Structures are given as C-alpha cells and as structure tokens.
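If you want the building blocks of each chain, they are given just below.
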Amino acid sequence: MKAHQLENYRIVKEQVRPDTWCTAHVNCFRASFGPGESDEHVGMKFKRWRYWRKKGFNVVVESILTNSLRPDLIVFSENEIFIEEIVYSEKKSSILKKKKEYPFKVFVFTID
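Counting from 1, residues in each chain are numbered in the order their sequence is written. Two thresholds apply to this predicted model, a pLDDT of at least 70 for residue-level local features and 80 or more for giving and counting side-chain atom pairs, whereas whole-chain, interface and lining totals are computed over all residues. Only heavy atoms go into the side-chain values, all of them from the structure, while hydrogens and water stay out.

Points about the overall build of the protein chain
Helix and strand counts for the protein chain stand at three helices and four strands. Along the protein chain, helices (α) and strands (β) appear in the sequence α-α-β-β-β-α-β when read from the amino end. In terms of overall size, the protein chain behaves like a compact globule, its C-alpha atoms giving a radius of gyration of 13 Å where 112 residues would be expected to give roughly 13 Å. Along the longest, intermediate and shortest principal axes, the C-alpha atoms of the protein chain span 35 × 30 × 25 Å. To sort residues, take the accessible area from a 1.4 Å probe on protein chains only and compare it with the maximum for the residue type: under 20% means buried, over 50% means exposed, and anything in between is partly exposed. Here the protein chain, with 112 residues, has 44% of them falling under the buried criterion. Here the analysis covers contacts within the protein chain between residues at least 6 apart in sequence; of these, 49% occur between residues at least 24 apart. As used throughout, the charge tally considers Lys and Arg to be positive and Asp and Glu to be negative, leaving His and the chain termini uncounted. Charged groups are reduced to one reference atom each: NZ for lysine, CZ for arginine, CG for aspartic acid, CD for glutamic acid. Distance between charge centres in the protein chain, computed from 20 positive and 15 negative side chains, equals 1 Å. Going along the chain from the N terminus, every DSSP run of H or I of four or more residues is numbered as a helix, and every run of E of two or more is numbered as a strand. For this measure, only C-alpha atoms enter the radius of gyration; the expected value for a globule follows 2.2 Å times N^0.38, where N is the number of residues. Any two residues whose heavy atoms approach within 4.5 Å at even a single point are treated as in contact.

Examining the sheet that holds strand 4 (residues 105–110)
At least two DSSP bridges between two strands are needed for those strands to be called paired. The four strands are arranged 1-2-3-4 in an open sheet whose pairing can be described as mixed. This sheet does not close on itself; its edge strands, each paired only once, are strand 1 (58–61) and strand 4. Going across the sheet, the axis of each strand differs from the next one's by a mean of 25°, ignoring polarity. Bridge count for strand 3 (residues 81–87) against strand 4 is six bridges, and the pairing is parallel. For helices, the fitted line uses only the C-alpha atoms of the stretch in contact; every axis is such a line through C-alpha atoms, and the angle between N-to-C directions lies from 0 to 180 degrees.

Points about the packing of aromatic side chains
Any aromatic ring pair is given by two values, namely how distant the centres are and how the planes are angled relative to each other. Pairing of aromatic side chains here covers Phe, Tyr and the six-membered ring of Trp, requires ring centres within 6.5 Å, and sorts the geometry by plane angle: under 30 degrees stacked, over 60 edge-to-face, intermediate tilted. Per the counting criterion, the structure on display carries eight aromatic pairs. Considering the side-chain rings of Y51 and W52, the 4.9 Å spacing of their centres and the 80° angle between planes classify their relative orientation as edge-to-face. The class of Y51 is partly exposed, set by a relative accessible area of 35%. Residues F82 and F107 carry aromatic rings whose centres are separated by 5.3 Å and whose planes lie at 90° to one another, so their mutual orientation is edge-to-face.

Here's the deal with the pairing of strand 1
Here strand 1 shows no split at all, with N58 and V60 on one side and V59 and V61 on the other all buried. When strand 1 meets strand 2 (residues 73–76), the two strands line up antiparallel, connected through four bridges. Looking at strand 2, one finds that V59 is bridged to V75.

Remarks on unusual backbone geometry
Phi angles above zero are rare outside glycine, and N27 is one such case at about 75°. The residue E62 is not glycine, and still its phi comes out positive at about 50°. Its place among the elements puts E62 in the loop between strand 1 and strand 2. Here E62 falls in the buried class, since its relative accessible area comes to 2%.

Some points on the pattern of salt bridges
Salt bridge, as used here, is a side-chain nitrogen of Lys or Arg placed within 4 Å of a carboxyl oxygen of Asp or Glu. Per the counting criterion, the structure on display carries nine salt bridges. One salt bridge connects D19 with R17, and the closest N-O pair in it is separated by 3.0 Å. By relative accessible area, which is 27% here, R17 ends up partly exposed. Taking the shortest distance from any N to any O, the salt bridge between E84 and R48 comes out at 2.8 Å. Taken together, the residues span a long stretch of sequence, with E84 in strand 3 and R48 in helix 2 (residues 39–54) at a distance of 36 residues. On the basis of relative accessible area, E84 is assigned to the buried category, the value being 4%. Classification of R48 as buried rests on a relative accessible area of 13%. Counted as one network, the salt bridges with shared partners bring together E37, K45, E62, R70 and D72.

Set out below in structure tokens:
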C-alpha cells in the first residue's frame, strides 16, 4: 500500500506544519548541514533512513512539526508511528524535553 493511502499518513501529516509539508516528502532523504549537524549525525541519519526503508516502513526526515520541533526521522507503517532521534553529542536534557514534547513515541539511536 502506498504511503498516502495509510491512515497513519494522515496522522503524521496533521503533526507537520502545513507550510512545510511539501518539503517533508515521505520516503525522500533530506539533510541540513549547519553547525548542529555533524558529519557523523547526518551519516547515521541516512543509514537509519535506509534501514527503515529496506524494512518497508515510510519515513519523513527533518520535518518541522506544528510545535516547531524537528525530529530526525518519523517512521510509520500501517500499524505504528514513532520518532527516531539520532544522538551524537546532544545533551540528555534536550532528549528528555523532546520525548515529552514530540507527538509520537520516541526511540533514541546513539552514535558511539
């Protein structure tokens, strides 16, 4: 089934700012290269995006949510939706805040 045919697609889309949805293409990889994005972080984000795509999941990368937060990956299928945060040098307090404020369950993937 195509992503846009899933009920969870609609649920994810409702959480993304409408003015940015067109840049948050489902299943397209997207990355920014600013001071907060190390090469390790961007590289692992790509690896995790590829991992989930190979498993048949739909993935939205770096979407801007209605609460202005920007999760690394929103992963969804017909049966589930979750966020995956890639952590390289982020502080624990930042991760705890995201877990509290993100609209979906959050899994943290730590880069060693």
